[in-house]
Amino acid sequence: MALILDLLTTASMLFIVTVGLMMVFGVMKIVNFAHGALLTLGGYASFVVTKLQITPWLGWPLAFVVGVAAGMLVEYLIVRPLYKRPLDAILATWGLGIVIAQLVVMAFGREVQFADAPLSGTWLLFGVDYSAYRLLLIPVAIVLCALLAMLLNKTRFGVNTRAVIMNEDLASSLGIHSGFVRFVTFSLGAGLGTLAGAMITPLSSVDPNMGLPWLVSAFMLVMVSGHSMWSLLLTCLVFGSAQVLVSTYANPVLGGLTIAVLAAITLRIRPKGFAHG
């Protein structure tokens, strides 16, 4: 039973980390290499809350607000002029990630820090004492997936977003403010990235490069899943389970390579990912 919970909680963590990138890359087709740095910002938001000795639950909204504000600034100053130059956008976001990491070093130093978890202790589930905080991430991931799927598929904003992505000129001629749609989508994606950083921090440590190890896996999962939130959740469950099983029964080093290898094989068979026809 503990192994099943490991599979579910690992898949939940992967989804939470990846969903912000999905909003920017999967929906807007912008390769945001600063996503790892956004995770780091979220981690330090939780660390600041810990240092201030206030309830760790405030780390989540604080991280989201910081991420949305950073996303609004970055979209307006850096990304907006590069929408029609995707290669330049890759370089710009890569450089932005380096800048954010250096600013974090200047503010907090290079030392490894730790943040308090909003929920501590264990819960007894099916005869197994398991980390309460890891279990909490399962419903969080499902609710997050449902809300974002509803936003993109059941609201006027979601319809406008898809119209802008499919044909921006036609969407604009129909009265859709494409610039506002991209602005909101990028800011929301950045906020989800920092929120993810705050959520995973209690399970690891905080350092200026904490987001980088997640970046490759996140890109692989988004590329394989396509543009659907539910497809992303299923991909995280399948690939995350494979990673845990390989780490448990073979070798942790091989486990760390599992997602990249499976993604390469999957994209060789289905170049456009699961969510495409």
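Starting from 1, residues in each chain are numbered consecutively following that chain's sequence as written. Owing to the predicted nature of the model, reporting of local features is limited to residues with pLDDT of at least 70; listing and counting of side-chain atom pairs is limited to 80 or more, with chain, interface and lining totals taken over all residues. Note that the side-chain values use all heavy atoms of the structure and ignore hydrogens as well as water.

Undergrad: Talk me through the overall build of the chain; I want residue IDs and the actual numbers.
TA: The helix count covers DSSP runs of H or I at least four residues long, the strand count covers runs of E at least two residues long, and both are numbered beginning at the N terminus. Scanning the chain from terminus to terminus reveals 11 helices and two strands. Starting at the N terminus and walking to the C terminus, you meet the elements of the chain as α-α-α-α-β-β-α-α-α-α-α-α-α. Against the globule reference of 19 Å for 277 residues, the chain gives a C-alpha radius of gyration of 19 Å, in line with a compact fold. Dimensions of the chain along its principal axes, counting C-alpha atoms only, are 60 × 45 × 30 Å. Of all 277 residues assigned to the chain, the portion counted as buried reaches 50%. If you take every contact in the chain between residues at least 6 apart in sequence, the share linking residues at least 24 apart comes to 75%. Each charge sign in the chain was given a centre, from 14 positive and 9 negative side chains, and these centres are 13 Å apart. Within these notes, the globule rule equals 2.2 Å times the number of residues to the 0.38 power, and the radius of gyration is based on C-alpha atoms. Categorising residues by exposure relies on relative accessible area from a 1.4 Å probe, with only protein chains included: less than 20% of the type maximum marks a residue as buried, more than 50% marks it as exposed, and the intermediate range marks it as partly exposed. Note on definitions: a residue-residue contact is assigned when non-hydrogen atoms from the two residues lie within 4.5 Å. In summary, the charge assignment counts Lys and Arg as positive and Asp and Glu as negative, without counting His or the chain termini. Here the site of a charge means NZ on Lys, CZ on Arg, CG on Asp, or CD on Glu.

Undergrad: Talk me through the packing of aromatic side chains; I want residue IDs and the actual numbers.
TA: Between rings of Phe, Tyr and Trp, where Trp is taken as its six-membered ring, a pair exists when centres lie within 6.5 Å; planes separated by under 30 degrees are stacked, by over 60 edge-to-face, and by other angles tilted. Across all of its chains, the model carries eight aromatic pairs by this definition. Each ring, one from Phe-33 and one from Phe-219, has its centre 5.1 Å from the other, and the planes form 45°; the classification is tilted. Here the residue Phe-33 occupies a position in the loop between helix H1 (2-27) and helix H2 (35-51), and Phe-219 occupies one in helix H9 (residues 212-225), the gap between them amounting to 186 residues. Arranged with centres 6.0 Å apart and planes meeting at 80°, the rings of Phe-47 and Phe-108 form a pair that is edge-to-face. Of the two residues, Phe-47 is situated in helix H2 and Phe-108 in helix H4 (residues 86-108); the sequence distance between them amounts to 61 residues. With relative accessibility at 30%, the residue Phe-108 sits in the partly exposed group. Grouping aromatic residues by their ring pairs yields a cluster made of Phe-25, Phe-33, Trp-94 and Phe-219.

Undergrad: Describe helix H6 (residues 156-166), with residues and values.
TA: Owing to its 3.6 residues per turn, the α-helix aligns residues three or four sequence positions apart on the same side. Where H6 is concerned, the buried positions are Phe-157, Gly-158, Asn-160, Thr-161 and Val-164. Down the axis of H6, the sector holding all buried residues measures 160°, keeping them to one side. Turned more than 90 degrees away from the buried face of H6, the exposed residues are Arg-156 and Met-166. The directions from the helix axis to the C-beta atoms are what the arc is built from.

Undergrad: Go over the packing of helix H10 (residues 229-249) against helix H11 (residues 252-269) with me, naming the residues and quoting the values.
TA: An axis is simply a line fitted to the C-alpha atoms; with a helix, the fit covers only the stretch in contact. Between two such axes, the angle follows the N-to-C directions and lies from 0 to 180 degrees. Contact geometry of H10 with H11 gives a least axis separation of 7 Å together with a crossing angle of 145°. Crossing hand, H10 versus H11: right-handed. Residue-level contacts link Phe-239, Ala-242, Gln-243, Val-246 and Ser-247 of H10 to Pro-252, Leu-254, Gly-255, Gly-256, Thr-258, Ile-259, Leu-262, Ala-263 and Thr-266 of H11. Residues of the contact of H10 with H11, tallied by class, amount to eight nonpolar, six polar and no charged. Take the far helix as your reference; a near helix turned counterclockwise from it by less than a right angle gives a left-handed crossing, and one turned clockwise gives a right-handed crossing. When residues are grouped by polarity, Ala, Val, Leu, Ile, Met, Phe, Trp, Tyr, Cys and Pro land in nonpolar, Asp, Glu, Lys and Arg in charged, and all others, Gly among them, in polar.

Undergrad: Before we move on, could you go through the side chain of Asn-32 and cite the residues and values that matter?
TA: Within the fold, Asn-32 resides in the loop between H1 and H2. Classification of Asn-32 as buried rests on a relative accessible area of 3%. Any N or O atom pair separated by 3.5 Å or less is treated as a polar contact, with the protein-specific requirement of one donor-capable and one acceptor-capable atom, and with residues adjacent in sequence counted only for side-chain atom pairs. A polar side-chain atom of Asn-32 sits 3.1 Å from the main-chain amide nitrogen of Ala-34. With residues near it in sequence (within four places) discarded, Asn-32 still touches Leu-21, Val-24, Leu-38, Thr-93, Phe-186 and Phe-219.

Undergrad: Run through a nonpolar patch on the surface, naming residues and quoting values.
TA: Together, Met-1, Ile-4, Leu-8, Leu-125, Phe-126, Leu-234, Leu-237 and Val-238 line one region of the surface with nonpolar side chains, adding up to about 710 Å² of accessible area. Of all elements in the fold, only H1 and H10 reach the threshold of two or more residues within the nonpolar patch. Counting residues per element, the nonpolar patch draws most heavily on H10, which supplies three residues. Within the secondary structure layout, Phe-126 lies in the loop between strand S1 (122-125) and strand S2 (128-131). The exposure class assigned to Phe-126 is exposed, which follows from its relative accessible area of 65%. Patches here: salt-bridge-free residues with over 30% relative accessible area, like charges joined within 9 Å, nonpolar side chains (Val, Leu, Ile, Met, Phe, Trp, Tyr) joined within 5 Å. Accessibility throughout is a Shrake-Rupley quantity obtained with a 1.4 Å probe, and a residue counts as covered only by protein chains that appear here. Basic side-chain nitrogens of Lys or Arg form a salt bridge, by our definition, when they fall within 4 Å of a carboxyl oxygen of Asp or Glu.

Undergrad: Let's hear about the pattern of salt bridges: which residues, and what values?
TA: Following the criterion strictly, the structure yields two salt bridges and no others. The salt bridge involving Arg-80 is made with Glu-75; its shortest N-O contact spans 3.0 Å. When its relative accessible area of 34% is taken as the criterion, Arg-80 is described as partly exposed. A salt bridge links Arg-85 to Asp-88; the nearest nitrogen and oxygen atoms lie 2.9 Å apart.

Undergrad: Got a sec to walk through the environment of Leu-232? Specific residues and values, please.
TA: Following the sequence through the fold, Leu-232 ends up in helix H10. On the accessibility criterion, Leu-232 (0% relative accessible area) is buried. For the pair Leu-232 and Val-159, spaced 73 residues apart in the sequence, the C-alpha separation amounts to 20 Å. Discounting chain neighbours no more than four positions away, the residues touching Leu-232 are Phe-15, Thr-18, Val-19, Met-22, Leu-221, Val-222 and Ser-225.

Undergrad: Can you tell me about empty space enclosed by the protein, naming the residues and giving the values?
TA: Here a cavity means grid points, on a 1 Å grid over the protein atoms only, where a 1.4 Å probe fits yet cannot get out; a pocket means an open set of points with protein on both sides within 12 Å along at least five of seven lines; lining residues are those with an atom within 4 Å of a point. Grid points are joined across faces, edges and corners, and a volume is the space filled by probe spheres set on the points. Within this structure, the stated rule accounts for one cavity of 30 Å³ or more. The computed volume of the largest cavity comes to approximately 40 Å³. Along its surface, the largest cavity is lined by Asn-32, Ala-34, Leu-38, Gly-71, Val-74, Leu-96, Ile-100, Phe-186 and Ala-190. Those elements that provide at least two residues to the lining of the largest cavity are helix H3 (59-79), H4 and helix H8 (178-200). The class makeup of the residues in the lining of the largest cavity is seven nonpolar, two polar and no charged.

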